[in-house]
Amino acid sequence: MILTALTAALAAATLAGLALGSVRIPPGQVLDILTGRAEPSPFRTIVLDVRLPRVLLGAAVGAGLAVIGTVLQALVRNPLADPFLLGVSSGASVGAVSAIVLGGIFGLGTALSTTVTIPAASFVGALISLVLVYALARGGGGGFATGRLILAGVAVSYILTALTSLILVTADSADHLKEVLYWTLGGLGSARWDMLALPCAVLAVGTALLVALARPLDLLLVGEEGATVLGLDTARFRAAVFVLASLLTGVLVAYSGAIGFVGLMVPHAARMLVGAAHRALLPVVALMGAVFLVAADLAARTVAAPQDIPVGVLTALTGGPFFLWLLHRSRTHEGAPA
């Protein structure tokens, strides 16, 4: 019932995303365009070539970030874990910005940069940042204290943000400045049909693999020693899932920029509905993340229309207060994600 309700909500959010904006199109006409019954018109171009790729990319990125946040919270047994807060998104942004600048310097083709270079560089940056945070936050007993984890993530994020600025300054290009601003704020405005294949494929395969790994993820919730006693090689498993999470983050950030707090808020809301068992949780999280980011992007396009606000700004405005509440709550609830 929950999956059906979330699927209906995603369909409604998609329809609203296609109908609303600086130009409003009646929902009935949107449905005619989607089913091929509408005659060629400017509205048809707006729906099929501008808004539909953007909505689909938003759904893929929202689902992916929510799934990654859920998995990271299980891996480090901390309810505050999130790709953005742990500096993973910042690392992916550094990789993407480096690829953009170097692509301009060495004259790499736009298509090659979009489909291969930028996602690969984002993955490397995300993986390096995640390894750094993991190493800095790990305590003497192998655990992750909340304060240590957040401080490590903030420190690494600041360092990587400074590195992004340094790359931009040394590049000294107005074109690069505009592109880098997009990556740092997070947005879906550049979505095109030829950009959807890789993030959607990586999301589908990555989520399927994580659902298949639901039992080991559940074992991590009982603690390091308990998981080991039950037969899980925790070090090897964490390393493998960290790589997978970095791959997902790198690919998604390569196309959307660093959109924060989706992976923090959505998993907590989903656990209130279905509990902490990952086989049931991950599909719900993916759908909720898709609905959330499609709705957030719709708000970003309509709040100050015709101006397009970066969706990362809105998610930060909603996620910041949620993070402060969660940080206050975690003082008396350290340990497994609540």
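About the thresholds
- Residues numbered from 1 in each chain as written.
- Predicted model: local features only at pLDDT ≥ 70, side-chain atom pairs only at ≥ 80, totals over all residues.
- Heavy atoms only, no water.
- Helix = DSSP H or I, 4+ residues; strand = E, 2+ residues; numbered from the N terminus.
- Contact = heavy atoms within 4.5 Å.
- Areas by Shrake-Rupley, 256 points an atom, 1.4 Å probe, with all protein chains shown as cover.
- Axes fitted to C-alpha atoms, helices over the stretch in contact; angles between N-to-C directions.
- Parallel < 35°, antiparallel > 145°, perpendicular 65-115°, else oblique.
- Left-handed = near helix turned anticlockwise from the far one by under 90°.
- Salt bridge = Lys/Arg side-chain N within 4 Å of Asp/Glu carboxyl O.
- Buried < 20%, exposed > 50% of the residue type's maximum accessible area, 1.4 Å probe, protein only.
- Patch = residues over 30% accessible without salt bridge, like charges linked within 9 Å, V, L, I, M, F, W, Y side chains within 5 Å.
- pLDDT = per-residue confidence, 0-100.
- Polar contact = N/O pair within 3.5 Å; in protein donor to acceptor, adjacent residues only side chain to side chain.
- Expected span 1.5 Å × (residues − 1).
- Arc of directions from axis to C-beta.
- Bend = angle between axes of the 7 residues up to and from the residue.
- Core = buried A, V, L, I, M, F, W, Y, C linked by side-chain atoms within 4.5 Å.

Digging into the overall build of the chain
- In terms of helices and strands, the chain carries 14 helices and 0 strands.
- Seen in sequence order, the chain has helices and strands lined up from the N terminus as α-α-α-α-α-α-α-α-α-α-α-α-α-α.
- When contacts within the chain are restricted to residue pairs at least 6 apart in sequence, long-range pairs at least 24 apart make up 75% of them.
- In the form shown here, the chain has an accessible surface area of approximately 14800 Å², with 70% of it arising from carbon and sulfur atoms.

Description of the packing of helix 3 (residues 42-75) against helix 11 (residues 234-256)
- Where helix 3 meets helix 11, the axes come as close as 10 Å, and the angle between the chain directions of the two elements is 155°. Considering the angle they form, helix 3 stands roughly antiparallel to helix 11. For the crossing formed where helix 3 meets helix 11, the hand is left-handed. Counted together, Leu 57, Ala 60, Val 61, Gly 64, Leu 65, Ile 68, Val 71, Leu 72 and Leu 75 of helix 3 and Phe 237, Arg 238, Val 241, Phe 242, Ala 245, Leu 248, Thr 249, Leu 252, Tyr 255 and Ser 256 of helix 11 form the full contact between these two elements.

Brief notes about the pattern of salt bridges
- Scanning the entire structure with this criterion turns up 6 salt bridges.
- Across the pair Asp 32 and Arg 37 runs a salt bridge, and its minimum N-O distance is 3.0 Å.
- Classification of Arg 37 by relative accessible area gives exposed; the value is 60%.
- Within the structure, one salt-bridge network assembled from shared partners comprises Arg 54, Asp 297, Arg 301 and Asp 308.

Structural notes on unusual backbone geometry
- In this model, Phe 261 sits at a positive phi of 75°, which is unusual for a non-glycine residue.
- Along the chain, Phe 261 turns up in the loop between helix 11 and helix 12 (262-274).
- With relative accessibility at 9%, the residue Phe 261 sits in the buried group.

A short note on a nonpolar patch on the surface
- A surface patch of nonpolar side chains, amounting to about 350 Å² of accessible area, comprises Val 124, Ile 128, Leu 132 and Leu 136.
- Checked against the element boundaries, Ile 128 lands in helix 5 (residues 110-137).

Side note on the confidence of the model for the chain
- On average, residues of the chain score 83 in pLDDT, and 87% of them reach the 70 mark or higher.
- Of all the helices and strands in the chain, helix 7 (residues 174-185) carries the lowest mean pLDDT, 67, while helix 1 (residues 2-19) carries the highest, 95.
- Contacts of residues 105-112 to residues separated by more than four positions or lying in other chains number 4 contacts, the stretch itself having pLDDT below 50.

Comments concerning the environment of Arg 77
- As for its placement among the helices and strands, Arg 77 is situated in the loop between helix 3 and helix 4 (88-106).
- On the basis of relative accessibility, which here comes to 27%, the residue Arg 77 falls in the partly exposed class.
- A sequence separation of 144 residues divides Arg 77 from Leu 221, and the C-alpha atoms of the two residues are 6.4 Å apart.
- A distance of 3.2 Å separates the side chain of Arg 77 from the backbone oxygen of Leu 220, its partner in a polar contact.

Some remarks on helix 8 (residues 197-212)
- In this model helix 8 runs 23 Å from its N-terminal to its C-terminal C-alpha over 16 residues, within 8% of the 22 Å that 1.5 Å per residue would give.
- Three or more residues of helix 8 are buried, namely Pro 199, Val 202, Leu 203, Gly 206, Thr 207, Leu 210 and Val 211. Projection of helix 8 onto a plane perpendicular to its axis shows the buried side chains occupying an angular sector of 155°, all on one side. For helix 8, the exposed residues set more than 90 degrees away from the buried face come down to Ala 197, Val 205 and Ala 212.
- Among the structural elements, helix 3, helix 9 (214-220), helix 11 and helix 13 (278-302) are those in contact with the buried residues of helix 8.

What about helix 3?
- Helix length check: helix 3 (34 residues) gives 48 Å between terminal C-alpha atoms against 50 Å at 1.5 Å per residue, within 8%.
- Of all the bends found along helix 3, the most pronounced is centred on Arg 51 and spans about 40°, while Pro 53, a proline, follows it within four residues.
- The element helix 3 is extensively covered by neighbouring structure, given that 26 of its 34 residues are classed as buried.
- Arg 77 lies just past helix 3 and shows a positive phi near 50°.

Brief notes about the nonpolar core
- One finds Val 71, Leu 72, Leu 75 and Leu 210 to be the most contacted residues of the largest nonpolar core, which totals 92 residues.
- Among the elements that take part in this core, helix 3 stands out by supplying 17 residues, more than any other.
- If we ignore the near neighbours within four places in the chain, the residues touching Leu 210 are Val 67, Val 71, Leu 217, Val 241, Leu 244, Leu 248 and Leu 282.
- Membership of the second largest hydrophobic core comes to 8 residues, among which are Leu 80, Leu 85, Ile 150 and Met 265.

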